[in-house]
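Fold and geometry: a report
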Amino acid sequence: MDPMESLAAALQRGDDAAVREHTREAIGLGRAPAAILNQGLLAGMGVVGEQFRTHQIFLPEVLLAARAMYAGLDVLQPLLERDNVPMLGKVVIGTIRGDLHDIGKNLVGIMLRGAGFEVIDLGKDVPPERFVDAAVEAGASVIGMSALLTTTMVGMKEVVATLEARRCRGQIKTIVGGAPVSAEFAREIGADDYAFDAASAVTRVKALLGVA
Amino acid sequence: MREVVRFPAAEARPPEEEVLRLQGITDGASLPARVRPALDSAFGLFEELAAPVGLVEDLAPGEFPAIYEGEGANAPNTPLPEIVERAAGLALYAATVGDAVGRRIGELFTEQEVVVGYLLDAVASAAADRLSDLLAEHFSDRLVAGGVDPDRAKVLPYSPGYCGWEVSGQRRLFARLRPEEIGIHLNPSCLMTPLKSVSGVLVGGTADTHRFRPDFPFCAACVTRECGRRMAAVRR
């Protein structure tokens with residue numbers, strides 16, 4: 001089997017030891033780091049993401065694959081940095097001010113990384129201006145916000161307003177999610193999009209950025 | 001009567017099928033074999049780290065409306081006031097699995113042990129709900145010991161954030177119950193810490209006391225749809 005196929009298959013099984021080994025093997029065979037990333041790790045995660053989206057596998061299986069991908073990335077990352085291999089885009093994520101729930105946000109980060117995005121995770125209880133500062137500083141294209149409470153989701157509107165005030169709303173898109181959040185709420189506050197769950201967050205962020 | 005109730009971690013441990021249900025693994029579907037070691041680790045960590053404790057305090061029926069009113073942000077029409085009117089007994093409650101579990105979940109994600117971290121979060125969430133049920137059983141036993149007929153001592157917990165009771169109602173609930181005594185605090189956003197905590201009112205009555213038709217306007221946006229299961233549970 002081609003080493004890229006072996007790598008993608010090991011990743012789909014969530015076998016982190018095999019992913020590490022196949023990544024090293026591919027590097028040893030002289031494969032380009034970008035090819036190992038795209039045709040091995042991201043290809044495998046793409047299959048896993050699709051299997052989850054179509055309800056063939058459960059979320060813990062996606063996370064096993066994500067952990068395996070991290071194992072491969074640990075090996076590959078220095079070479080990706082050396083070659084300046086571009087990621088799909090930069091996304092700043094965080095849980096809005098006053099809210100300490102971060103599991104959903106963590107899952108979104110894992111899924112986005114698995115799809116090839118660079119993720120800047122600001123953590124939880126993040127003030128609105130911090131989202132904007134971080135996005136501007138990093139040159140991010142998207143801000144993703146999560147809230148689990150009706151009392152905290154209102155903070156998302158402040159992020160959109162801050163982007164507007166700094167005249168960067170067009171360049172930096174916003175996407176919101178979390179249990180009390182809806183597409184209607186996203187429209188009301190002027191967010192660019194809404195994601196129902198972590199899997200759909202990947203699809204929606206890709207759509208926002210016009211990438212396949 | 002005000003009572004602090006401590007539970008062994010093993011008693012608060014939720015049934016595995018409940019944790020699997022939260023993953024969408026239902027109706028006889030089985031856990032994928034490759035996930036089994038992570039789930040076992042999550043249960044093991046829970047039993048090692050959890051320090052489950054609850055607080056129950058009796059509430060006179062006349063006290064409830066002012067607490068329920070909260071900050072006036074409830075849905076215009078909600079089922080709980082009528083349920084409470086039919087009640088044989090009321091108590092406020094709060095419970096937590098403690099903060100060590102939450103800290104470990106955060107560490108696991110940082111260490112990229114995302115599968116165990118995620119499953120420990122699911123176990124702890126289910127355990128917090130189980131604490132509500134354990135306190136409901138405890139309150140039911142107390143009602144019966146106080147002379148209430150067992151058929152009128154079927155207890156269900158109701159919480160701010162559900163069934164039209166706005167989450168800002170936590171402020172008055174906390175002001176009356178003062179669960180800081182067992183380590184539960186409320187932040188300005190009405191979020192409880194430790195995160196894996198629960199609070200609300202325990203309502204004792206007959207199975208019919210808890211019955212309502214889930215066709216309120218807020219039911220359309222409900223993501224849990226737990227009311228049917230709960231009403232069925234008190235009929236058994």
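Just above, that's the structure.
Residues numbered from 1 in each chain as written. Chains lettered and ligands numbered in written order. Predicted model: local features only at pLDDT ≥ 70, side-chain atom pairs only at ≥ 80, totals over all residues. Heavy atoms only, no water.

Here the focus is the overall build of chain B. Scanning chain B from terminus to terminus reveals nine helices and seven strands. Taken against the 2.2 N^0.38 rule, which gives 18 Å for 236 residues, the C-alpha radius of gyration of chain B at 18 Å falls within 12% of a compact globule. Expressed as lengths along the three principal axes of its C-alpha atoms, the size of chain B is roughly 50 × 40 × 40 Å. Residues counted as buried form 50% of the 236 residues belonging to chain B. (Helix = DSSP H or I, 4+ residues; strand = E, 2+ residues; numbered from the N terminus. Rg over C-alpha atoms; globule rule 2.2 N^0.38 Å. Buried < 20%, exposed > 50% of the residue type's maximum accessible area, 1.4 Å probe, protein only.)

Residue and element names in this part refer to chain A. Checked against the element boundaries, aspartate 193 lands in strand S5 (residues 193-194). With relative accessibility at 14%, the residue aspartate 193 sits in the buried group. Within the structure, the side chain of aspartate 193 is placed 2.8 Å from the side chain of arginine 204, a separation counted as a polar contact. Sequence-distant contacts of aspartate 193, defined by excluding residues within four places in its chain, comprise Thr174, Ile175, Val176, Ala186, Arg204 and Leu208. (Polar contact = N/O pair within 3.5 Å; in protein donor to acceptor, adjacent residues only side chain to side chain. Contact = heavy atoms within 4.5 Å.)

Before going further, it helps to examine the interface of chain B and chain A. Taken together, the contact pairs 22 residues of chain B with 26 residues of chain A. Counting each side, the surface lost to burial between chain B and chain A is near 2200 Å², with a carbon and sulfur contribution of 71%. At the boundary of chain B and chain A, one finds two salt bridges. A salt bridge links B:Glu113 to A:Arg67; the shortest N-O distance between them is 3.3 Å. The tally of links from chain B across to chain A stands at eight residue pairs in polar contact (both at pLDDT 80 or more). For the side of chain B that touches chain A, the elements supplying multiple residues, two or more each, are helix H6 (99-110) and helix H7 (114-145) of chain B. With five residues, H7(B) is the largest single contributor of residues to the side of chain B that touches chain A. (Buried area = accessible area lost by both parts, 1.4 Å probe. Salt bridge = Lys/Arg side-chain N within 4 Å of Asp/Glu carboxyl O.)

Looking now at the pattern of salt bridges. Residues and elements named next belong to chain B. Applying the stated criterion to the full structure yields 33 salt bridges over all chains. Notably, a salt bridge pairs arginine 36 with aspartate 40, separated by 3.1 Å at the nearest N-O pair. In this pair, arginine 36 and aspartate 40 are both assigned in helix H3 (residues 36-49), four residues apart and thus about one turn of the helix distant. On the basis of relative accessible area, aspartate 40 is assigned to the partly exposed category, the value being 41%. Measuring nitrogen to oxygen at the nearest pair gives 3.6 Å for the salt bridge that ties arginine 211 to aspartate 208. Overall, the relative accessible area of 53% leaves arginine 211 in the exposed class. A relative accessible area of 42% means that aspartate 208 is categorised as partly exposed. In the salt-bridge network here, residues are joined through shared partners; they are Arg2, Glu57, Glu63, Arg176 and Glu181.

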